[in-house]
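Structural characterization, general
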Amino acid sequence: MQLAQRFRKKTVFMAQSIGPINNPINIWLSSKILKKVNLITIRKELSREFLSNIGIPKENVSLTVCPAFLLPPSLNTNNIYSKWNINTNTPLIGLAIREWVYPNESDPSKANNDFINMITAIVDKISADLDATITIIPTIPSGINLSEKVISRPTNQSRVKVIGSLNTLHEVVGICGQLNLLITTNFHPLVFATSQGVPSITLALTGHKTTGFAKSAGLSEFIIDEQHMNAKSIIHTTHLLWKNINQTRSKLQEEIPKLKTLASYSINRLTQEILT
């Protein structure tokens, strides 16, 4: 970006989650570059506060929603479910999770194994309690690795399905849109599900951007932070959401037009002010 600015090119920070940055040199460099950026749009208020603290005026920063919120679903979704032998006549609970590195744990390997055991216990319990099919949606390489480990362990394996390779983001959007409920650690499946009125439980392993979006969609009640993340709390939250699924869907339908407007904001400003 600094090189582009040297050549007097317009630069844009579009729908970003910025910060925290703790190294003094990186803070100085970020401030120097961002003060020259033509357009800054951010996905959460925490980023606006961070930018203000490093010298970027708040009036130069606009709040938006990830443009991925506007992606349409694939028309091929039913064929994908058929391909992976997933029964769409049962409730579909999506699971889009990633392996975590546990940087603060003395034994990360044990912590990761405990996490897989926790997910397996959740899969068994929820599939039985809700008479549901658990649909694992691996959207990143670590999710594929984790899904292979999880699929081999559940007692009721016939109720757990893994969707393998997907060719486009539109297919991921379509898969998320046909779920009854999503449990996720990942940002984009959360965005895709919400854009189609599918309620989600957010497992907050991946920083502020996921929780920030969940809060903006009115799903604060269904965020579980790392400190309170265990099988009991996730199963309890799933039952709570399932009990209130229709009410939550109705609330999402009220929020979707507002979120679409915010998601369009960055694109409109980019086309009107930067690309003209």
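All figures in this text were calculated on a predicted structure; none of them were measured in a lab.

Considerations on a negative patch on the surface
Residues Glu 105, Asp 107, Asp 225 and Glu 226 make up a contiguous surface patch of negative charge. Its place among the elements puts Asp 225 in strand β9 (residues 223–225). A relative accessible area of 33% places Asp 225 in the partly exposed class.

Some thoughts on the pattern of salt bridges
Using the criterion set out here, one finds five salt bridges in the structure. Among the ionic pairs, Lys 125 bridges to Asp 129, the shortest N-O distance being 3.4 Å. Residue Lys 125 and its partner Asp 129 are located together in helix α5 (residues 108–129), separated by four residues, close to a single helical turn. Judged by its relative accessible area of 39%, Lys 125 is partly exposed.

Quick notes on the pairing of strand β7 (residues 181–184)
Burial along β7 is two-sided: the face carrying Leu 181 and Ile 183 and the face carrying Leu 182 and Thr 184 are both buried. Where strand β4 (residues 92–96) and β7 come together, four bridges link them in parallel fashion. Across the sheet, residue Ile 93 finds its bridge partner in β7, namely Leu 181.

What to know about the state of the cysteines
In this structure the tally under the stated criterion is zero disulfides. Cys 176 supplies the cysteine sulfur nearest to Cys 66, a cysteine that is in no disulfide, at a spacing of 13 Å. Given the relative accessible area of 7%, Cys 66 is considered buried.

Quick notes on the rules
- Residues numbered from 1 in each chain as written.
- Predicted model: local features only at pLDDT ≥ 70, side-chain atom pairs only at ≥ 80, totals over all residues.
- Heavy atoms only, no water.
- Patch = residues over 30% accessible without salt bridge, like charges linked within 9 Å, V, L, I, M, F, W, Y side chains within 5 Å.
- Areas by Shrake-Rupley, 256 points an atom, 1.4 Å probe, with all protein chains shown as cover.
- Salt bridge = Lys/Arg side-chain N within 4 Å of Asp/Glu carboxyl O.
- Lys, Arg positive; Asp, Glu negative; His and termini not counted.
- Charge placed at Lys NZ, Arg CZ, Asp CG, Glu CD.
- Helix = DSSP H or I, 4+ residues; strand = E, 2+ residues; numbered from the N terminus.
- Buried < 20%, exposed > 50% of the residue type's maximum accessible area, 1.4 Å probe, protein only.
- Pairing = 2+ DSSP bridges.
- Disulfide = S-S within 2.5 Å.

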